[in-house]
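# Secondary and tertiary structure notes
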Amino acid sequence: MPEVLKAPLTVEFPFTRSLGPVQSAFLTGLRERVVLGVRTGDGRTLVPPVEYDPVTAEEIRGLVEVAATGTVTTWAWNPAPRRDQPLDTPFAWVLVRLDGADTALLHALDAPGPDAVHTGMRVRLRWAEERTGAITDIACFEPYDGEQGELTGHTGEFEDPVTGIVAPARLDYTYSPGRAQTAYINALAEQRNVGERCPSCRKVYVPPRGACPTCGLATSEQVEVGPHGTVTTFCIVNIKAKNLDIEVPYVYAHIALDGAGLALHGRIGGIPYDQVRMGLRVEPVWTEGARYPDHYRPTGEPDADYDTYRELL
Amino acid sequence: MSKEPVAVVGIGQTKHVAARRDVSIAGLVREAARRALDDAELGWADIDAVVIGKAPDFFEGVMMPELYLADALGAVGKPMLRVHTAGSVGGSTALVAANLVAARVHGTVLTLAFEKQSESNAMWGLSLPIPFQQPLLAGAGGFFAPHVRAYMRRSGAPDTIGSLVAYKDRRNALKNPYAHLHEHDITLEKVQASPMLWDPIRYSETCPSSDGACAMILTDRAGAARAPRPPAWMLGGAMRSEPTLFAGKDAVSPQAGKDCAADVYRQAGIADPRRDIDAVEMYVPFSWYEPMWLENLGFAAEGEGWKLTESGVTELDGDLPVNMSGGVLSTNPIGASGMIRFAEAALQVRGQAGEHQVDGARKALGHAYGGGSQFFSMWLVGAEPPDA
């Protein structure tokens with residue numbers, strides 16, 4: 001069996017967040033070098049703060065300042081920091097209960113090695129030099145054996161509060177289309193459309209999925225379809241899509257290749273957009289080195305009769 | 001042993017808008033949940049379980065947001081679960097919650113669905129650049145527009161039907177204080193003059209992108225007896241699914257939709273939906289889906305749905321009002337959109353729909369679909385409890 005294709009897939013997006021009153025105060029506080037928690041109905045102080053009391057479900061808004069010193073409640077050593085983590089040298093992930101708080105905050109502890117870290121150790125917050133109102137305004141924590149940090153007496157009211165943040169997200173995958181689609185993609189490189197036939201319903205899937213979704217059976221019998229096909233339905237696209245270098249208007253069509261059990265999607269060219277019609281007979285137009293046909297163009301054959309493609313819309 | 005009858009005793013939603021920058025996601029869901037509790041005159045302690053739904057996590061990029069929303073929804077120490085069925089999720093979520101009551105697992109359940117589209121990028125979330133695959137050549141409307149053309153070909157409907165639906169739904173939205181779009185100067189001419197985006201779909205025939213949440217309190221007979229306002233009773237509910245693309249798929253009138261409706265009607269004893277149902281709130285993100293779903297749901301014969309729209313039957317004062325709230329065309333926080341449909345059906349039979357109330361509505365259908373016409377969820381609610 002030929003080798004199955006694989007390629008990296010990176011999913012990356014800068015999400016925005018509206019903070020609401022409590023997170024707004026917390027992050028604005030960090031910008032101003034103040035750590036704020038909230039007071040719950042039963043008198044505990046939660047850091048980082050939440051908007052709703054975990055016990056009573058009541059809205060909580062009473063902000064309380066806590067110290068920038070605290071105690072490690074548990075930890076894990078990170079020997080190989082990854083991109084965008086708080087430190088680029090090995091460090092400990094720690095939960096720190098800041099002095100004055102009843103809950104612990106997750107952050108990084110700058111320590112020379114795991115032997116230098118223990119539960120119960122005293123630590124101090126290290127502020128980032130550039131602060132914008134984000135959790136990264138805390139650069140990290142560091143070991144500390146001095147007095148408890150002093151409070152500034154801040155009320156949590158700020159001029160120019162931070163109300164939103166951008167939270168970039170990135171996921172790195174290795175993607176494989178699997179056996180059936182690998183065979184399809186390899187055949188496309190030879191400008192051939194090769195699908196697979198279901199052993200039960202006999203329908204040909206192009207692209208093949210390795211199984212028939214209707215019958216639930218694995219497929220393996222390869223069948224070449226096309227190259228001619230029929231436009232079964234379409235729309236005329238009048239707005240330019242991002243990342244697509246196609247002049248508008250253009251026609252986006254469902255095309256049933258001859259012998260295929262369902263339509264695939266493609267662009268129609270070689271004909272004015274307003275003359276494209278259901279039933280138009282088309283063939284693929286390839287460009288050098290492309291993985292897919294650039295578009296489909298009329299073959300000049302008479303239009304297909306509606307009844308021949310009405311199940312393939 | 002028969003099922004426990006399920007009653008809707010509380011409904012709450014946010015004022016749907018393009019961007020709620022003043023609240024976090026927690027603050028948004030809280031607002032809808034609090035309004036539903038107030039409607040039912042209940043407190044957090046009266047709720048036994050929470051069932052929540054939203055569109056895929058990629059939309060806002062918060063993985064499993066239900067975990068952090070437990071505090072905001074009073075779910076600490078209670079069962080909380082999340083339902084995933086793409087755009088139909090608001091409906092499916094309500095049905096999962098209803099089934100917990102019907103099975104007597106819980107007495108009173110809070111169910112809620114939301115989307116904060118302003119913090120999201122739905123188009124990006126749905127079309128990741130998968131290696132080796134041909135990029136999709138059009139946006140969401142481009143995906144659905146060929147199906148609309150197929151419907152027009154099959155039914156012979158005049159080109160104007162889509163604009164009639166949009167004009168109606170936007171006018172209905174003017175009567176609904178929670179609707180996102182309030183186009184006070186809307187005219188049919190304006191709809192018909194709006195730009196053609198994905199021919200045959202015009203700009204004014206597409207849904208907006210909204211921030212919003214919708215919540216309902218579902219309860220058993222005992223809970224309904226204590227309710228301060230008339231409940232809506234669930235008379236039938238069902239879900240069905242099928243692949244987005246498969247050989248033999250009827251994208252114009254999917255089999256899963258027909259089967260789902262037939263199941264609901266069987267449960268509710270509906271022999272003739274056109275005659276027996278007083279109002280319908282269905283998921284119409286592009287205007288042409290109104291006549292398409294009218295056929296799929298059995299309100300008209302195949303190819304005849306557009307005639308109901310054209311003759312005014314689906315207007316608010318028509319014989320079979322459709323999308324009294326203004327519909328998805330006027331409000332679309334994707335994850336919540338299905339539940340808003342279900343909630344509107346319940347509001348109607350409770351007589352609580354305000355200016356968009358259908359006089360004498362006794363039975364109403366709520367409908368949702370999602371994915372590429374892949375998931376369907378529906379419920380039928382009535383002013384009277386089901387027969388014992």
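Residues numbered from 1 in each chain as written. Chains lettered and ligands numbered in written order. Predicted model: local features only at pLDDT ≥ 70, side-chain atom pairs only at ≥ 80, totals over all residues.

Identification of chain B as Thiolase domain-containing protein from Streptomyces muensis is taken from an unreviewed UniProt entry.

By the naming in an unreviewed UniProt entry, chain A is OB-fold domain-containing protein, taken from Streptomyces muensis.

Turning next to the overall build of chain B. Counting its regular elements, chain B contains 14 helices and eleven strands. The C-alpha radius of gyration of chain B comes to 19 Å, within 12% of the 21 Å expected for a compact globule of 388 residues. A principal-axis box enclosing the C-alpha atoms of chain B has dimensions of 55 × 50 × 45 Å. With 388 residues in all, chain B has 62% of them scored as buried. In chain B, the share of contacts with a sequence separation of at least 24, taken over all contacts with a separation of at least 6, comes to 80%. (Helix = DSSP H or I, 4+ residues; strand = E, 2+ residues; numbered from the N terminus. Rg over C-alpha atoms; globule rule 2.2 N^0.38 Å. Buried ≥ 20, exposed ≤ 12 C-beta atoms within 10 Å, placed from the backbone. Contact = placed C-beta atoms within 7 Å.)

Residue and element names in this part refer to chain A. Bridge analysis of strand β5 (residues 69-78) against strand β8 (residues 122-127) gives three bridges, and the strand direction is antiparallel. Counted as the bridge partner of T69 is R124 from β8. Pairing between β5 and strand β6 (residues 91-98): eight bridges, direction antiparallel. Note that in β6 the partner of W75 across the bridge is V94. (Pairing = 2+ DSSP bridges.)

This paragraph deals with the sheet that holds strand β12 (residues 204-205) of chain A. Residue and element names in this part refer to chain A. Judged by pairing direction, the sheet is antiparallel, and its three strands sit side by side in the order β12-β11-β13 without closing on themselves. Two strands in the sheet have a free side with no partner beyond their single neighbour: β12 and β13 (221-225). The sheet contact formed by strand β11 (residues 193-197) and β12 spans two bridges and is antiparallel. Across the sheet, R197 pairs through a bridge with V204, a residue of β12.

This part takes up the interface of chain B and chain A. At the interface, 44 residues of chain B touch 49 residues of chain A. Listing elements by their share of the side of chain B that touches chain A, those giving two or more residues are α1 (25-40), α5 (140-155) and β5 (196-199) of chain B. Here the side of chain B that touches chain A gets six residues from one element, more than from any other, and that element is α5(B). The class makeup of the residues in the side of chain B that touches chain A is 26 nonpolar, nine polar and nine charged. Pairing of strand β14 (residues 229-237) of chain A with β5(B) involves two bridges; the strand directions are antiparallel. Bridge assignment links I236(A) to a residue of β5(B), and that residue is D199(B). (Nonpolar A, V, L, I, M, F, W, Y, C, P; charged D, E, K, R; others polar.)

On to the UniProt feature "domain: Thiolase C-terminal" (unreviewed entry) in chain B. As recorded in UniProt, the sites labelled "domain: Thiolase C-terminal" (unreviewed entry) are residues 246-372 of chain B. As annotated, residues 246-372 of chain B comprises 42% helix and 9% strand, and the C-alpha atoms at either end are separated by 11 Å. (UniProt positions renumbered as here; feature names shortened; annotations may be inferred.)

A separate point is the packing of helix α3 (residues 89-102) of chain B against helix α14 (residues 334-350) of chain B. For any two helices packed against each other, the geometry is given by the interaxial angle and the distance between the axes. All names here are of chain B. Where α3 meets α14, the axes come as close as 5 Å, and the angle between the chain directions of the two elements is 60°. With respect to α14, the element α3 is oriented oblique. Residues V89, G90, G91, S92, T93 and A94 of α3 pack against G335, A336, S337, G338, M339, I340, R341 and F342 of α14. Considered class by class, the residues forming the contact of α3 with α14 number six nonpolar, seven polar and one charged. (Axes fitted to C-alpha atoms, helices over the stretch in contact; angles between N-to-C directions. Parallel < 35°, antiparallel > 145°, perpendicular 65-115°, else oblique.)

Right, let's talk about the nonpolar core for a bit. Judged by nonpolar contacts, the single largest core of 201 residues is most densely connected at L109(A), V29(B), L112(B), M216(B), A346(B) and V381(B). The element best represented in this core is α14(B), accounting for ten residues. Viewed by domain, this core spans two of them, domain 1 (7-170) and domain 2 (226-313) of chain A, each represented by three or more residues. A180(A), A183(A), Y184(A) and V194(A) belong to the second-largest nonpolar core, a separate cluster that totals five residues. (Core = buried A, V, L, I, M, F, W, Y, C linked by C-beta atoms within 7 Å. Domains from an automatic or database assignment.)

Moving on to helix α9 (residues 255-268) of chain B. Residue and element names in this part refer to chain B. With 14 residues, α9 should reach 20 Å at 1.5 Å per residue; the first-to-last C-alpha distance of 20 Å fits that figure. Three or more residues of α9 are buried, namely A256, G257, C260, A261, V264, Y265 and A268. The buried residues of α9 all sit within an arc of 165° when viewed along its axis, so they share a single face. Turning to α9, the residues buried within the fold contact β8 (232-241), α10 (273-276), α11 (289-296), β10 (363-370) and β11 (375-382). Looking one or two places after α9, you find G269, whose phi comes out positive at around 70°. (Expected span 1.5 Å × (residues − 1). Arc of directions from axis to C-beta.)

Only a minority of non-glycine residues have a phi that is not negative, and only a minority of peptide bonds are not trans. All names here are of chain A. For the bond running from V47 to P48, omega is 0°, close enough to zero to count as cis. Here the residue pair V248 and P249 is connected by a cis peptide bond, since its omega of -10° sits within 30 degrees of zero. Relative to the assigned elements, P249 resides in the loop between β14 and β15 (250-257). In this structure, D84 takes a positive phi of about 70° despite not being glycine. Within the element layout of this structure, D84 appears in the loop between β5 and β6. By C-beta crowding, D84 is classed as exposed, having 9 other C-beta atoms within 10 Å. The backbone phi angle of Q191 is positive, close to 60°, even though this residue is not glycine. For Q191, the position within the fold is in the loop between α2 (178-188) and β11.

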